[in-house]
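# Summary of the model geometry
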Amino acid sequence: MTLIIGKKVESLTQTLIEHGSDEVIFVENDRLEEYLVLPFTSIFTQLIKERNPEIALFAATTSGRELAPRIGMRTSSGVTADCTGLEIGEYISKKEQVIYTPILESRRPTYGESKLATILGFVCPQVSTARAGTFEVPERVVGRKGITTPFKPNLDEKDFVVEVIKTVRGEGGLQNLFDADLIVSGGRGTTTDSLGLIKQLAEALKSQGINAEWACSRPVVDEGITEYARQVGQTGKTVRPKIYIAVGISGAIQHIAGMKESGTVIAINQNPKASIFNNADFGIIGNYQDILPELIERVKSGYTFGLEAKK
Amino acid sequence: MALTIISLVKQVPLPSEMRMGEDGLMDRTKAKSIINIDCQFGLEAGLQLLKQHPDARLIVCSMGPGSFEAALRSAVAMGYDEAYLLSDRKLGGSDTYATGLAIATMLKHLGFTKDSKEPFIILAGRQTSDGDTAHVPSQVAEKIGIPQATFVESVKSDGTNNVVAKRIIEGGYQLMNLPMPCVISLTPTGIPPRKQSLSGAIKARNLQITTFGIDDIGLGTEKIGISGSPTIVAKVVNMVSERPPITLAEGHNEVALVDSLIANLAKGGNVLEKKEAVEKKEVDRPDFPNKDF
């Protein structure tokens, strides 16, 4: 089941059902149009008390990553952060001579993304946050049927002491990086022209009707050339486009963490020893200022990396 | 009514020297250590607040082994006045829940409760480089029962009992007005942490750090340490690259290279040779009763 909170959210319940929810519980409240951690914590906790779910999952977004531990503290549950894998398994406790089953196995990268840890929680609900971009959105089945239940929580005025003065969102939060079929990403090696060629390649692909977007690695953001929202990697976004073109990116493990789920990876770098070449399917060793103009020309004359243009 | 500025810091191994013990838990004994970067930004945010509240009391707190005193002394060298360390073997192996609970209990023991007459603000780093969870600030706020703002880039006092925090959200930011007491966690994108001052370093060297054990703060063992934590690390495996070897373009100029790339793409790349699946040993599943919980 899914809980949705906000203003005018009832109309969204059917979409959630079509994406796989069997029951959508909605809290309709004008004061909750913007996410607020205190009332949201209270609502979730009230619902958890009423329904006793075994598992509670949140997105590992800036909201989910503060909401989940706050709720977990209230329900005495541990929380596993930023998971990239979730499975149901069992745990044999030799000490207690029992087998915990079924139990949620939450997997998350750790130690600078070099290891994968499996975390188990023994207090229900078992709470985990799921890293954005690593799980596929369940396919939509139009017309799928499910239950829609309104929920009227008890709201305490004290939970509204924090006031959101204003909210600024630029370029739709660049959610389109998650949906793009092709991402052209520039690294430290492409800062000479402030990612000009990177943007041109992405633009050329868009003109061909390809759902393309451009992104960057962390050094580019650190140098103030682009905004954080475009950063791919452990501390940025995790993306999984069909094609990921890494240009001038050395391939630090933190960057790989953010793009390794991509379909096909193409690397362009003038350093043959760059570790990005160990994490790519195809590559060109060369200077991007030579290669990209040529590639842009090919795209302009119709080359689309085998992707089908949207009509 | 002076404000108390409380900074929570964690000492972490230098990211390049992280090691893991046999048990899957962090081995902190060998690596060189620093104050976690995000926590350093939290410390600086506290020192910035001092400009608006010159008579504020600045305290820094941590939880961990005795070696964490180094981090507390560094914080004092930056400008903090008092330092508290919660250190107890029984806390070893605590997960984030148990850590949040223990730190909140220490703060309450020091008199910082939601009903405190004196205003206070708790500053922390967004997350740590060795844990990456970002949980503890939220858990501390919940356990004390006060509001919070996490992922905050800057925080300013309005001169009364409120602070305005700039919270970074996906693709933008929010400005929020919070009453004190509250918890704020800082991203490493705000005002860079200052260097230690000479007078601070001298003060730090002579500083008496107050160290508490769990008995001192009235914390029981039921909910802390490995056995009290609601979560455990069941196993840790190495991650391996799942990508087959690369197909590189060949050619002497960009036209040939791009031609070659396009041809390679059309042909398809290498396929990962599946390592023979290691025959799974049938683990003896003991005849324990199932526990549905």
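Structural notes, computed from the coordinates. Everything numeric in this text was worked out from a predicted model, so none of it was measured.

## Let's talk about the overall build of chain B
Of regular secondary structure, chain B possesses seven helices and 14 strands. Taking all 293 residues of chain B together, the buried fraction comes to 50%. Nonlocal contacts in chain B, meaning residues at least 24 apart in sequence, comprise 69% of its contacts between residues at least 6 apart. When the accessible surface of chain B is totalled, it reaches about 14,500 Å², and 52% of it is carbon and sulfur.

## Re the state of the cysteines
Every disulfide links exactly two cysteines, by a covalent bond between their sulfur atoms. Residue and element names in this part refer to chain A. Under the defined criterion, the tally for this structure stands at zero disulfides over all chains. Between Cys124, a cysteine without a disulfide, and Cys83, which holds the nearest cysteine sulfur, the sulfur-to-sulfur distance is 16 Å. Since its relative accessible area comes to 27%, Cys124 is described here as partly exposed.

## Notes on the packing of helix α2 (residues 37-51) of chain A against helix α3 (residues 64-75) of chain A
Residues and elements named next belong to chain A. In the contact formed by α2 and α3, the axes pass within 9 Å of each other and the chain directions differ by 50°. As judged from the angle between their axes, α2 and α3 are oblique. Every pair of crossing elements has a handedness; the one defined by α2 and α3 is right-handed. Contacts from Val37, Leu38, Phe40, Thr41, Ser42, Phe44, Thr45 and Ile48 in α2 reach Glu66, Leu67, Arg70, Ile71, Arg74 and Thr75 in α3. Looking at the contact of α2 with α3 residue by residue, the class counts come to seven nonpolar, four polar and three charged.

## A few points about the interface of chain B and chain A
On the side of chain A, 91 residues touch chain B, which itself brings 82 residues to the contact. Approximately 7,400 Å² of surface area, both sides summed, lies buried where chain B meets chain A, with 60% of it carried by carbon and sulfur atoms. On the chain B side of the interface with chain A, the three residues burying the most area are Met239, Arg243 and Phe293 of chain B, jointly 12% of the side's total. Scanning the region where chain B abuts chain A turns up six salt bridges. As a salt-bridge pair, Lys291 of chain B and Glu96 of chain A come within 3.9 Å of each other at their nearest N and O atoms. Inspection of the region where chain B meets chain A yields 40 residue pairs in polar contact (both at pLDDT 80 or more). Broken down by element, the residue count for the side of chain B that touches chain A peaks at nine residues, all from helix α7 (residues 254-267) of chain B. Residue classes in the side of chain B that touches chain A are distributed as 42 nonpolar, 25 polar and 15 charged. Where strand β6 (residues 98-110) of chain A meets strand β14 (residues 290-291) of chain B, two bridges bridge the pair, whose relative direction is parallel. Opposite Tyr100 of chain A, over in β14 of chain B, you have Lys291 of chain B as the bridge partner.

## Structural notes on the sheet that holds strand β1 (residues 2-6) of chain A
Through backbone hydrogen bonds, the strands of a sheet pair up, either in parallel or in antiparallel fashion. Residue and element names in this part refer to chain A. The three strands are arranged β1-β2-β9 in an open sheet whose pairing can be described as parallel. Each of the sheet's edge strands pairs with one partner strand only, and the pair in question is β1 and β9 (147-150). Sheet twist, expressed as the average angle between the axes of neighbouring strands with direction ignored, equals 20°. Direction of pairing for β1 relative to strand β2 (residues 23-28): parallel, over a ladder of five bridges.

Reading the values: rules and limits
- Residues numbered from 1 in each chain as written.
- Chains lettered and ligands numbered in written order.
- Predicted model: local features only at pLDDT ≥ 70, side-chain atom pairs only at ≥ 80, totals over all residues.
- Heavy atoms only, no water.
- Helix = DSSP H or I, 4+ residues; strand = E, 2+ residues; numbered from the N terminus.
- Buried < 20%, exposed > 50% of the residue type's maximum accessible area, 1.4 Å probe, protein only.
- Contact = heavy atoms within 4.5 Å.
- Areas by Shrake-Rupley, 256 points an atom, 1.4 Å probe, with all protein chains shown as cover.
- Disulfide = S-S within 2.5 Å.
- Axes fitted to C-alpha atoms, helices over the stretch in contact; angles between N-to-C directions.
- Parallel < 35°, antiparallel > 145°, perpendicular 65-115°, else oblique.
- Left-handed = near helix turned anticlockwise from the far one by under 90°.
- Nonpolar A, V, L, I, M, F, W, Y, C, P; charged D, E, K, R; others polar.
- Buried area = accessible area lost by both parts, 1.4 Å probe.
- Salt bridge = Lys/Arg side-chain N within 4 Å of Asp/Glu carboxyl O.
- Polar contact = N/O pair within 3.5 Å; in protein donor to acceptor, adjacent residues only side chain to side chain.
- Pairing = 2+ DSSP bridges.

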